[in-house]
Amino acid sequence: MPADSAPVLVTFPDGTTDVVPPGTCCGDALARWRPSEAPGFLAAFLDGTPVDLSRPIGSAGRLSPITFRDRAGQAILHHSCAHLVAKAIVELVPDARPTVGPATTEGFHYDFDMRPLTPDDLPKLAESMSATVRSGERFERLEVAKEDALRMVSSNPYKAGYIAEVGAGEPVSFYRTGTFVDLCRGPHVPHAGWLKGIHILGFSAVTLGGVPEGTPLQRVRGVGFPTREELDTYLKMRKEAEARDHRVLGQKLELFTFVDSAPGFPIWLPRGMIVERELESFVREHLHASHYSEVRTPLMFAQSVFETSGHWEHYRADMFLTEIEGRSFGWKPMNCPGAMLVFGSRARSYRELPLRLAEFAPLHRLEASGTIHGMTRVREFVQDDAHLFVTEEQIEEEVTNLLAWVREAFTTFRLGWSYELSTRPTQFLGEVETWDRAEAILERTLKGSGVEYRVSPGEGAFYGPKIDIHLRDSMGRPWQTGTIQLDYQMPRRFRLEYQGPDGQLHTPTVIHRTILGSVERFLGVLLEHVNGRLPPWLSPEQVRVLPVGERHENAANDLVAELETHGIRAESSGSQETLGKRVRAAEVERVPYIAVLGDTEVAGGSVALRVRGQKAQEILSSTDFVARVREKVRTRSFDP
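To start, this report covers the structure provided alongside it. Computed from a prediction, not measured in an experiment: that's the story for all the values here. (Residues numbered from 1 in each chain as written. Predicted model: local features only at pLDDT ≥ 70, side-chain atom pairs only at ≥ 80, totals over all residues. Heavy atoms only, no water.)

Some details on the overall build of the protein
Summing up its helical and strand segments, the protein has 19 helices and 33 strands in all. If you line up the protein on its principal axes, its C-alpha atoms span 100 × 75 × 60 Å. By sequence separation, contacts in the protein at least 24 residues apart represent 68% of the contacts at least 6 residues apart. The positive charge centre, built from 73 side chains, and the negative charge centre, built from 86, are 2 Å apart in the protein. (Helix = DSSP H or I, 4+ residues; strand = E, 2+ residues; numbered from the N terminus. Contact = heavy atoms within 4.5 Å. Lys, Arg positive; Asp, Glu negative; His and termini not counted. Charge placed at Lys NZ, Arg CZ, Asp CG, Glu CD.)

Examining the sheet that holds strand β6 (residues 97–98)
Taken in spatial order, the four strands of this open sheet run β6-β7-β12-β11, and their pairing is antiparallel. Because the sheet does not close on itself, it has two edges, and the strands there are β6 and β11 (199–207). (Pairing = 2+ DSSP bridges.)

A closer look at the pattern of salt bridges
Enumeration according to the criterion identifies 46 salt bridges in this entry. Of the charged contacts, one joins Asp70 and Arg454 as a salt bridge, the two residues approaching to 2.9 Å between their closest N and O atoms. Here Arg454 lies in strand β23 (residues 453–456) and Asp70 lies in the loop between β5 (61–66) and α2 (71–92), a separation of 384 residues in the sequence. A salt bridge links Arg115 to Asp121; the shortest N-O distance between them is 3.0 Å. A relative accessible area of 3% means that Asp121 is categorised as buried. The network of salt bridges with common partners includes Asp70, Arg71, Glu420, Arg454, Lys466 and Asp468. (Salt bridge = Lys/Arg side-chain N within 4 Å of Asp/Glu carboxyl O. Buried < 20%, exposed > 50% of the residue type's maximum accessible area, 1.4 Å probe, protein only.)

Quick notes on the packing of aromatic side chains
Scanning all chains against the criterion turns up 17 aromatic pairs. Each ring, one from Phe410 and one from Phe522, has its centre 6.3 Å from the other, and the planes form 35°; the classification is tilted. With a gap of 112 residues between them, Phe410 in helix α12 (residues 395–412) and Phe522 in helix α15 (residues 519–529) connect regions that are remote in the sequence. For the residue pair Phe410 and Phe522, the accessibility class agrees, reading buried in each case. Between the aromatic rings of Phe413 and Trp537, the centroid separation amounts to 5.7 Å while the plane-to-plane angle is 45°, which identifies the pairing as tilted. Here Phe413 is found in the loop between α12 and β22 (416–422), whereas its partner Trp537 is found in the loop between α15 and β29 (543–547), with 124 residues between them in sequence. Under the relative-accessibility criterion, Phe413 is labelled buried at 0%. By relative accessible area, Trp537 is classed as buried at 2%. (Phe/Tyr/Trp six-rings, centres within 6.5 Å; stacked < 30°, edge-to-face > 60°.)

Some remarks on empty space enclosed by the protein
Taken as a whole and assessed by the stated rule, the structure comprises two cavities of 30 Å³ or more. Its volume calculated, the largest cavity comes out at about 80 Å³. If you go around the largest cavity, the residues you meet are Leu253, Leu255, Arg271, Gly532, Leu534, Ser539, Pro540, Glu541, Glu589, Arg590 and Arg612. Looking at the lining of the largest cavity residue by residue, the class counts come to four nonpolar, two polar and five charged. Looking at the second largest cavity, its volume works out to about 30 Å³. The wall of the second largest cavity is formed by Thr434, Trp435, Ala438, Tyr463, Gly464, Pro465, Leu486, Tyr488 and Gln489. Element by element, the count of residues in the lining of the second largest cavity is highest for helix α13 (residues 432–448), at three residues. (1 Å grid on protein atoms, 1.4 Å probe; cavity = no way out; pocket = protein on both sides within 12 Å on 5 of 7 lines; lining within 4 Å. Points joined across faces, edges and corners; volume = space filled by probe spheres on them. Nonpolar A, V, L, I, M, F, W, Y, C, P; charged D, E, K, R; others polar.)

What about the pairing of strand β10 (residues 180–183)?
Consecutive side chains of a regular strand alternate in pointing toward one face of the sheet and then the other. In the sheet, strand β9 (residues 172–177) pairs with β10 via four bridges, with the strands oriented antiparallel. Following the sheet pairing, Tyr175 is matched in β10 by Asp182. Hairpin connection from β9 to β10: two residues lie between these consecutive antiparallel strands, with Gly178 at a positive phi of about 65°.

Focus on the side chain of Thr24
Tracing the sequence through the fold places Thr24 in the loop between β2 (17–20) and α1 (26–33). Filtering out sequence-adjacent residues up to four positions away, Thr24 remains in contact with Ala29, Arg55, Pro56 and Ile57.

Digging into the layout of surface pockets
As a volume, the second largest pocket reaches approximately 790 Å³. If you trace the second largest pocket, you find 27 residues lining it, with Phe12, Pro13, Ser64, Val455 and Pro457 closest to the centre.

Notes on the sheet that holds strand β8 (residues 140–144)
Overall, antiparallel pairing links the three strands, which are arranged β8-β9-β10 in an open sheet. Of all strands in the sheet, those bounded by a partner on one side alone are β8 and β10. Mean inter-strand twist for the sheet, computed between neighbouring axes without regard to direction, equals 30°. Seen against the sheet, α2 touches β9 and β10 and runs at an angle of roughly 125° to β10. (Axes fitted to C-alpha atoms, helices over the stretch in contact; angles between N-to-C directions.)

Thoughts on the environment of Glu550
Structurally, the position occupied by Glu550 is in the loop between β29 and α16 (553–565). Glu550 gets classed as exposed once you look at its relative accessible area, which sits at 66%. Taking the C-alpha atoms as reference, Glu550 lies 7.6 Å from Gly574; in sequence the two are 24 residues apart.

This is the structure in structure tokens:
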């Protein structure tokens, strides 16, 4: 039998194997493995690389399915939707020139060099896309030589520019959907029937590269789901989310703002800083109890530091760069390089391990202008970040403790959460064997902790596998926030060592971890989760005291002073406006407690208490009222 026709050994995620003829499509092999689940597979991971289900298997390897539940599956389906939009645009405006159409965290967008779009175009685009979906046109991959590819896009300078970056001799891939052909690396869903839930959210004017002098373009934004029912659920949820938009709430509650002269850079207002400091205090209590040490490292490092860490090769396009005295510097997008330098600043002993270094420092990432969204996607942010330097034997205990902290933290905020084990990506540092060991340790720890989790192949960081933490808010929306990452690579690249009990030098392992993640992002999620009604301990103003008339103002000021002596943030609202108007103002401003003082209350040493969200009021002695507020704040309770 010729070598190229020898049977191929395929290994599946559960460790089982199958021997298939060479050239068998990934989809067929997966269908043999899980026939009942195969209709839900939209693409595959072949040795960690996402590929079309039609991709033939040429040699022995690992094969796993991709579904819409996977982040990779959502990105593939959204990118396929972008191609469908491009097809519809070109059919509507034949001289339109597509530029780039990526999947985003919210869905997708595609930018076109074309005439301005109008509302009258939307029904025509929707009908064109619906026709393609009904016909079930397949996404067919074409690979051509670079020279042929340039001829195929001769009328589109944008696509020609992308092809020019392809190395000599490397094939260029296109995808055909019906009569439409577009330059694309892929993969895609098998056919347009997968895109029944495609929907255009809107369009806007942008510029090429996001710079003012760039070529004017039309951006079409959208989302996609496998079914219309899923789309309907999303649109209903989106409508509710619009009413809870954290960008609106943040402005209304005077927490933060944004200005055009600093796009993607939030400005924290005084009331917002109260919330930010309370969140940091919440984290610092845990740091103190768990014996962390806090450090602060520079906001920028020379290029050589990021070359050592691997960020220069794998993350440079997302970094802010600058030049100082002829040297290239990068604004740090993560704290890890600084933590490595702290560990390496002197000789270390095994007796110091685990060494837990925490850092709250501004980080900077060059997010594309089209992806910036309020506080949930910014260019400057602070994380509750830490790096744990451990021995091999200490890894499981430390990760177990972190999982317990996740449970404690998000239970406090009444948020649901889930875990995702993200494994080796296509581009990675180090050896496969090391990655396999790290992934096995994390999976064993998850199982030992008795928590539910799912595996997301290929979604790990370039330096190590990770446990991603996904929150679920009161509207059921998922949010990726914290992460626990296991890293064997960076400490080796920085040549970090400690002296072991055997007197020899050993390389530590590093656990990168955030729990809340970006404070900015977490606050945006939390504001929408509670519709601006932050729990009392987080509220910038915890008590609003309302004197009924002028003669009650001294008593109101005395109550505010007493509350402040107990660390409660309280304010008094004068009697110039009617009581009803002042009550409504406090409710709109989401103040947790409204204490009204009239003749009866002043005479009896009591307050008429109204708790946020409740119409009824209750009469409490001033002493009991202060004690109640103190207890709710101390225990970080929600009230009600």
